[in-house]
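Notes for the structure review
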Amino acid sequence: MNTRAQGYETFKNNVAMTVTLISFSMLFFTLFLGYMLVRFNSPVWPPVEIQGMPKLLPFLSTLVIGISSLTYVLMEKKNSKLLWATTFALGICFLVLQWTLWAELKQTGILIGNGMVPSMVYAFTWIHAGHIVLGLFALLWLGHYLWRGKATQNVLTNVGKFWHFLGVVWLVMYLTLFVL
């Protein structure tokens, strides 16, 4: 493929990732807007339905996803298979922490059927976990090229944009749902 064709492919891929991230941003923005409308119109915060909301697991999830973003940045710079594997493993760890969070929510009596706020917490975390699964598939796709020594900077950059986007969304979710 000539340089001009490669440049066009890079441009198309970057535009596609930008459109994807804008679409996902709109989805999460809508969720946040709905949550804020409920929160600011609630006479008491936090409502009884989410009393006893777990704090440690969401914090650990935030650390894990933050470290995975860091390992991704280092992997990009060093083209390291070990750092790729670490990033992927941290993504799996994040999902395990989410699964554990859902179990703890259930154990503490915070159930999806208990009202609007608990159902929103589950919706946020389930939708985000679904996107993490997509991110893990993207990492696997990247790993295929990385292990064969054919990972281009464009592929690294676009998968990284998606992975870092998921980290930023989680950070905002963590602060909104579990801290504030």
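See the structure printed just above.
To keep things clear, this report deals only with the structure shown in the data block. (Residues numbered from 1 in each chain as written. Predicted model: local features only at pLDDT ≥ 70, side-chain atom pairs only at ≥ 80, totals over all residues. Heavy atoms only, no water.)

**Here's the deal with the nonpolar core**
With 51 residues, the main nonpolar core has Tyr72, Met75, Leu105, Leu139, Leu142, Met173 and Phe178 as its most contacted residues. Those elements that provide at least two residues to this core are helix H1 (3–40), helix H2 (56–78), helix H3 (81–107), helix H4 (116–147) and helix H5 (153–179). Broken down by element, the residue count for this core peaks at 13 residues, all from H5. For Tyr72, the residues in contact, after removing those within four places along its chain, are Thr87, Leu139, Leu142, Val155, Leu156, Val159, Gly160, Trp163 and His164. (Core = buried A, V, L, I, M, F, W, Y, C linked by side-chain atoms within 4.5 Å. Buried < 20%, exposed > 50% of the residue type's maximum accessible area, 1.4 Å probe, protein only. Helix = DSSP H or I, 4+ residues; strand = E, 2+ residues; numbered from the N terminus. Contact = heavy atoms within 4.5 Å.)

**Here we look at the packing of aromatic side chains**
Where two aromatic rings form a pair, the distance of their centres and the angle of their planes describe that pair. Under the defined criterion, the tally for this structure stands at 13 aromatic pairs. Both rings, one in Trp99 and one in Trp102, keep their centres 5.9 Å apart while their planes meet at 65°; by these two values the pair is edge-to-face. Of the two residues, Trp99 and Trp102 both sit in helix H3, 3 residues apart, roughly one turn of that helix. Ring centres of Trp141 and Tyr145 lie 5.4 Å apart, and the angle between their planes is 80°; this geometry places the pair in the edge-to-face category. In this pair, Trp141 and Tyr145 are both assigned in helix H4, 4 residues apart and thus about one turn of the helix distant. Aromatic rings pair up to connect Phe32, Tyr35, Trp45 and Phe124 into one cluster. (Phe/Tyr/Trp six-rings, centres within 6.5 Å; stacked < 30°, edge-to-face > 60°.)

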